[in-house]
Amino acid sequence: WLPLLLADDLSKSLPVTPGTMAGTAIETAAYLMLFILPGCLYFAFSKKKAPSAEPIRVSPVMPRYFPLLILCGMAVIIVAANVNSFFIDLIAFDWIYDAFPAPIRYTNGDAVAEMIITALAPAFAEEFMFRGVCYGNMRRYGRPFALTASAVLFALMHQNPAQTFYTFCAGLVMGLCYELSGSIWCGVFLHMFNNLFAVFSDVLYDRLGDNYGAIMTLVDAAIILLGLGSALWLYVILRRQRETDEKPTGGGLFGNVPASLPPETAERPDTLSAVRAFFAPGMIVFTV
């Protein structure tokens, strides 16, 4: 993809002006703060209340199978994106795109800036908030509820009705990555690769025109096949863990596979309490 990305300008340096660099830096910093600052405030205020806030798991040590989680995640997200696109076309919901600007003509500098703003910054900031803060602190209500609720919030945050199914599925997958790897970095890598894939798709569409569709179909198919193979391999690994572990934890959605994150609290609030939390003032402000 790199030669395709730079095909029209291989002999020249990246045309990144000081203004582009400054704008990219400012937008990236602002985006990071919009997610990190509320998360930090949550932890600060939670110290005064019980139960205490669940810390974000940021250990760089992850299970050896975490690349399989990323490949599986990419495959599921691509399938979800195609299903989302099919239903949007089916109900002729393309009016939503009338409010969007015309397709961008990407210079090489624009492409690099877009990678930073769309892929690198959101990968960390959004995982910090929606998996580290939201999912991690809703696990006390049960993992299925935490997965669903954090994925709903993640989908709402994107503010695009046409992408709701796709972003909801992506939120579920990234929550599973956090749960099974025990570290936020697995979801960060998956999030980054997924967003980079979207940026590359836009750039290739800009550069290749009519040839774009056939190439992206092959790329999607290759990732889905790799994801299927990874899923089978991952199933064997997790089943072996389940059979050899003397004290399996977890249950329900996760079978008897030992959870990489700490077990849920023994005495968790009932579901009604969890649902009521969605009508707290902070949640109403978030939704609006």
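What counts as what
- Residues numbered from 1 in each chain as written.
- Predicted model: local features only at pLDDT ≥ 70, side-chain atom pairs only at ≥ 80, totals over all residues.
- Heavy atoms only, no water.
- Helix = DSSP H or I, 4+ residues; strand = E, 2+ residues; numbered from the N terminus.
- Buried < 20%, exposed > 50% of the residue type's maximum accessible area, 1.4 Å probe, protein only.
- Contact = heavy atoms within 4.5 Å.
- Areas by Shrake-Rupley, 256 points an atom, 1.4 Å probe, with all protein chains shown as cover.
- Phe/Tyr/Trp six-rings, centres within 6.5 Å; stacked < 30°, edge-to-face > 60°.
- Lys NZ or Arg CZ within 6 Å of the ring centre and 35° of its normal.
- Patch = residues over 30% accessible without salt bridge, like charges linked within 9 Å, V, L, I, M, F, W, Y side chains within 5 Å.
- Salt bridge = Lys/Arg side-chain N within 4 Å of Asp/Glu carboxyl O.
- pLDDT = per-residue confidence, 0-100.
- Polar contact = N/O pair within 3.5 Å; in protein donor to acceptor, adjacent residues only side chain to side chain.
- Core = buried A, V, L, I, M, F, W, Y, C linked by side-chain atoms within 4.5 Å.

Asker: Sorry if this is basic, but what is going on with the overall build of the protein chain here?
Answerer: Per the secondary structure count, the protein chain includes 10 helices and 0 strands. From first element to last, N terminus to C terminus, the protein chain shows the α and β order α-α-α-α-α-α-α-α-α-α. When each of the 288 residues of the protein chain is scored for burial, the buried share is 40%. Contacts spanning at least 24 positions in sequence make up 79% of the contacts within the protein chain whose residues lie at least 6 apart. When the accessible area of the protein chain is evaluated, it comes to approximately 16,400 Å², of which 68% is carbon and sulfur surface.

Asker: Can you help me understand the packing of aromatic side chains in this one?
Answerer: Centre distance and the angle of the planes are the two values used to describe a pair of aromatic rings. With the rule as written, the count across this model stands at 11 aromatic pairs. Pairing Phe124 with Phe128 gives two aromatic rings, centres 6.2 Å apart and planes at 35 degrees, and the pair type is tilted. Of the two residues, Phe124 and Phe128 both sit in helix 4 (residues 108-138), 4 residues apart, roughly one turn of that helix. Aromatic ring contacts, followed pair by pair, group Tyr31, Phe35, Phe130 and Phe154 into a single cluster. Looking at Arg131, its charged tip hangs above the ring of Phe154, at a distance of 4.5 Å from the centre.

Asker: Honestly, a nonpolar patch on the surface in this entry has me stumped. Any pointers?
Answerer: Residues Val79, Val83, Phe86, Phe87, Leu90, Ile91 and Phe165 make up a contiguous nonpolar surface patch of roughly 660 Å² in combined accessible area. No other element matches helix 3 (residues 66-90), which puts 5 residues into the nonpolar patch. Tracing the backbone shows Val79 in helix 3.

Asker: Explain the confidence of the model for the protein chain here, please?
Answerer: Residues shown with low pLDDT carry predicted positions that ought not to be read at fine detail. Residues of the protein chain with pLDDT of at least 70 account for 77%, and the chain-wide mean is 79. Under a pLDDT of 50 for its full length, residues 246-258 has, in the predicted model, 24 contacts with residues more than four places off or in other chains.

Asker: Would you mind going over the side chain of His191 with me for this structure?
Answerer: In this structure, His191 sits in helix 7 (residues 184-208). A polar atom in the side chain of His191 sits 2.8 Å from the side chain of Glu127. Residue contacts for His191: discarding those within four places in its chain leaves Pro122, Ala123, Glu126, Glu127, Arg131, Phe154 and Met174.

Asker: I'm lost on the nonpolar core in this one. Help?
Answerer: Side chains of a nonpolar character, in soluble globular proteins, are inclined to be buried together. Counting residues in each nonpolar core, the largest one holds 57 residues, and the members touching the most others are Ile56, Leu69, Phe130, Leu190, Phe197 and Leu234. Counting residues per element, the ones that place at least two in this core are helix 2 (18-46), helix 3, helix 4, helix 5 (143-157), helix 6 (164-181), helix 7 and helix 8 (212-244). The greatest single-element share of this core, amounting to 12 residues, is contributed by helix 4.

Asker: Could you clarify how one ought to interpret the pattern of salt bridges in this entry?
Answerer: Where charged atoms from two side chains of opposite charge come close, those side chains can pair. This model, assessed by the stated rule, comprises 4 salt bridges. Between Arg57 and Glu54 there is a salt bridge, and its shortest N-O distance comes to 2.3 Å.

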